[in-house]
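Observations on the three-dimensional arrangement
For reference, the chains in residue letters:
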Amino acid sequence: MQNLENVYESLKKQIEGEIISDFRCSECNNQVDLCKSQIMGKLPNVLILHLQRIVFDFQTFENSKLKNKFEYPMILDLAKYGAKQNINLTEEEKADPKNKEILEMLEYSDEEYIYRLVGVCIHRGTATAGHYWSLIHMKRGEQEPDPSAENSKWEDLASNWREFNDESVTYCLSKNV
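Residues numbered from 1 in each chain as written. Predicted model: local features only at pLDDT ≥ 70, side-chain atom pairs only at ≥ 80, totals over all residues. Heavy atoms only, no water.

Bringing the environment of S10 into the picture now. Mapped onto the secondary structure, S10 falls in helix 1 (residues 7-16). Taking C-alpha positions, S10 is 9.9 Å from F70, a pair spaced 60 residues apart along the chain. With near-sequence residues (within four places) excluded, S10 lies in contact with L4 and F70. (Helix = DSSP H or I, 4+ residues; strand = E, 2+ residues; numbered from the N terminus. Contact = heavy atoms within 4.5 Å.)

See the structure below:
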């Protein structure tokens, strides 16, 4: 998340990948440059994203905590980071039995990539010490709108957030999440 403003920038960076120089190919034993990237395949019912806020500072040789603002939406649509949007197989590759799992991923519907924010774990402090608390959305199941509903229907539920901080539980508005 370093030098990134939001979760979508972070995901885009994963898909774009990074160049690994002088990788030794195990089949031909040649050194080659390759691009390592990650796409989303089969996703779980509950998705947990961890922000890597603790980084090693090579100037001080100590861990430090990134304190930049990092935005995330109430509805997270991951469809454009999935296999369907990022893998194009040739007919020959589609016929190869080794690609069965990839072919299954290409069949997932876009709705399978939509998530609603239901909780945030917050840390206040330094890289070596601090305090954690949580913000949790209280509506579940039949009480919540359809996941594909427009954002305004979700914002109607703005008062359903609670802050859990040790022995204290208080109301929290979604604009403060």
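Now that the structure has been shown, we can carry on.
Okay, the environment of V55 next. Along the chain, V55 falls in strand 3 (residues 54-57). C-alpha separation for the pair V55 and A127, spaced 72 residues apart in sequence, amounts to 8.4 Å. The residues touching V55, leaving out its near neighbours within four places in the chain, are Q2, E62, N63, S64 and L66.

Strand order in the open sheet made by the four strands is 7-8-9-10, with antiparallel pairing throughout. Lying at the two open borders of the sheet, with one neighbouring strand each, are strand 7 (119-125) and strand 10 (168-172). Strand-to-strand twist across the sheet, computed as the mean angle between neighbouring axes with direction ignored, equals 25°. Across four bridges, the pairing between strand 8 (residues 130-137) and strand 9 (residues 161-165) is antiparallel. Bridge assignment links I136 to a residue of strand 9, and that residue is R162. (Pairing = 2+ DSSP bridges. Axes fitted to C-alpha atoms, helices over the stretch in contact; angles between N-to-C directions.)

Our focus in this paragraph is the layout of surface pockets. Computed from the structure, the largest pocket encloses a volume of approximately 1,700 Å³. Around the largest pocket, the lining is made up of 49 residues, and of these L49, L117, G119, V120 and C121 lie nearest the centre. Those elements giving two or more residues to the lining of the largest pocket turn out to be helix 1, strand 6 (114-116), strand 7 and strand 8. Counting residues per element, the lining of the largest pocket draws most heavily on strand 7, at five residues. Partitioning the lining of the largest pocket into residue classes produces 28 nonpolar, 12 polar and nine charged. (1 Å grid on protein atoms, 1.4 Å probe; cavity = no way out; pocket = protein on both sides within 12 Å on 5 of 7 lines; lining within 4 Å. Points joined across faces, edges and corners; volume = space filled by probe spheres on them. Nonpolar A, V, L, I, M, F, W, Y, C, P; charged D, E, K, R; others polar.)

Before going further, it helps to examine the packing of aromatic side chains. Given two aromatic rings, their pairing is described by the distance between the two centres and the angle made by the two planes. Taken as a whole and judged by the stated rule, the model has four aromatic pairs. Taking 5.1 Å as the distance between ring centres and 80° as the angle between the ring planes, the aromatic pair formed by F56 and F58 counts as edge-to-face. Residue class for F56 comes out partly exposed when judged on its relative accessible area of 38%. An aromatic cluster is defined as three or more aromatic residues linked by ring pairs; in this entry it consists of F56, F58 and F61. (Phe/Tyr/Trp six-rings, centres within 6.5 Å; stacked < 30°, edge-to-face > 60°. Buried < 20%, exposed > 50% of the residue type's maximum accessible area, 1.4 Å probe, protein only.)

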